[in-house]
Amino acid sequence: MKRENLLLSLILCCWITICSSQKLIWTNLFGEYSDAQSMIKTTDGRILMVGAFYQVSLFIASYDTEGKRLKRTIIPEMYRTSISLIELDSGDFLLFTYSGNIWLINSRLNAAKIIFSGGFEIISAFHLANESIIFGNKNKLVFNTKTFQALSRDTLITNTNKYAYHYSGDTEFYFDITDQFVSMTKKQNSQTLVSQFKNIDS
């Protein structure tokens, strides 16, 4: 079985490994953590996991594909909530946290520092080649993951769905579902088009 055929899932602190034929290979329970929140597989084959370390901080830890821990680093974050973790071309990592901080973590996981603070609580993040689209309750920030600079900031209406989002070229799509309607907002070249459909489950 090739390593790239593994499917990795997190349920609280239970790591479940499934091969491409959907057969369970093994599971691993990490009792030293209060919960796990983000997981990626790195280009060099490691598994990186981020989550809460009891009541005091976040952690980032690396494992091999058999579940053996290779390295763990504690990150002092008051809210103890990670939103997203990505690997950069350099092999380093960016960690986006609920508090609004973006952490740069080196590839060996032995150094971490805040490189940017958006000034608002991050509730979701979507990642493109060199950009990350970051949402707060009323905010949208486009962050360049190469220069570590903000490219743009926007204020959104509160009820904009920040969890269902798609970006294609110069066009943005926001989706929202209510009891009565499913709506799609398309934004392109400063133009906004809203399409609304009746929710067939209503």
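Reference entry: report on the structure contained in this document. The structure presented is a predicted model; accordingly, all values stated were derived computationally and were not measured. (Residues numbered from 1 in each chain as written. Predicted model: local features only at pLDDT ≥ 70, side-chain atom pairs only at ≥ 80, totals over all residues. Heavy atoms only, no water.)

## Focus on the overall build of the protein
How we decide: Here a strand is any run of E in DSSP of at least two residues, a helix any run of H or I of at least four, and the numbering for each starts at the N terminus. Between buried and exposed lies partly exposed: a residue is buried under 20% and exposed over 50% of the maximum accessible area for its type, with that area taken using a 1.4 Å probe on protein chains only. Should any heavy atoms of two residues lie within 4.5 Å, those residues are considered in contact. For every accessible area listed, the method is Shrake-Rupley and the probe measures 1.4 Å; residues are considered covered only by the protein chains on display.
Across its full length, the protein holds zero helices and 19 strands. When the 202 residues of the protein are sorted by exposure, 41% land in the buried category. Residue pairs in contact within the protein that sit at least 24 positions apart in sequence constitute 29% of those at least 6 positions apart. Accessible surface computed for the protein: about 11,300 Å², of which carbon and sulfur atoms make up 51%.

## Let's talk about the packing of aromatic side chains
The geometry of an aromatic ring pair comes down to the distance between the two centres and the angle between the two planes. Keep this limit in mind: Here is the rule: rings of Phe, Tyr and Trp (six-membered ring for Trp) pair when centre to centre is within 6.5 Å. Planes less than 30 degrees apart are stacked, more than 60 are edge-to-face, and the remainder are tilted.
Here the structure, examined in full by the defined rule, presents three aromatic pairs. When the ring of phenylalanine 126 is compared with that of phenylalanine 135, the centres are 6.0 Å apart and the planes differ by 80 degrees; the resulting orientation is edge-to-face. A centroid spacing of 6.4 Å and a plane angle of 5 degrees characterise the contact between phenylalanine 143 and phenylalanine 148, whose relative ring orientation is stacked. Given the relative accessible area of 22%, phenylalanine 148 is considered partly exposed.

## A few points about the environment of leucine 58
Inspection of the secondary structure assignment puts leucine 58 in strand E6 (residues 57-63). Judged by its relative accessible area of 0%, leucine 58 is buried. Between the C-alpha atom of leucine 58 and that of threonine 73, which follows or precedes it by 15 residues, the distance is 8.6 Å.

## Digging into the sheet that holds strand E8 (residues 82-87)
We apply this condition: Each pair of strands is called paired provided DSSP finds at least two bridges between the two strands. For helices, the fitted axis covers only the stretch in contact; all axes are lines through C-alpha atoms, and the angles between them, taken along N-to-C directions, range from 0 to 180 degrees.
The four strands lie next to each other as E8-E9-E10-E11, forming an open sheet whose pairing is antiparallel. Where the open sheet ends on each side, the last strands, each with one partner, are E8 and strand E11 (112-117). Neighbour to neighbour, the strand axes of the sheet diverge by 25 degrees on average, direction disregarded. Relative to strand E10 (residues 101-105), strand E9 (residues 93-97) runs antiparallel, the two sharing four bridges. In the strand pairing of E10, leucine 94 is matched with leucine 104.

## Thoughts on the side chain of serine 62
Looking at the element boundaries, serine 62 is found in strand E6. Excluding its chain neighbours within four sequence positions, the residues that come into contact with serine 62 are Arg46, Ile47, Leu48, Lys68, Arg69, Leu70, Lys71 and Leu109.

## Quick look at the nonpolar core
We apply this condition: Joining through side-chain atoms within 4.5 Å is the link that ties buried Ala, Val, Leu, Ile, Met, Phe, Trp, Tyr and Cys residues into a set, and such a set is a nonpolar core.
Counting residues in hydrophobic clusters, the biggest one holds 13 residues, and the most contacted among them are Leu94, Phe96, Ile102, Ile134 and Phe143. Those elements that place two or more of their residues in this core are E9, E10 and strand E14 (139-144). When residues no more than four places from it in sequence are discounted, the contact partners of phenylalanine 96 are Ser82, Ile83, Ser84, Ile86, Asn101, Ile102, His127, Ser132 and Ile134. Counting residues in each nonpolar core, the second largest holds twelve residues, with Leu48, Phe93, Trp103 and Ile105 among its members.

## Looking at the sheet that holds E6
As summarised here, the arrangement of the four strands in space is E4-E5-E6-E7, forming an open sheet in which the pairing is antiparallel. Each edge of the open sheet carries a strand with a single partner, namely strand E4 (35-41) and strand E7 (69-75). Between one strand axis and the next, the sheet turns by 20 degrees as a mean value, whatever way the strands run. Sheet analysis places strand E5 (residues 47-53) next to E6, joined by seven bridges and oriented antiparallel. Within the sheet, the bridge partner assigned to phenylalanine 53 lies in E6 and is serine 57.

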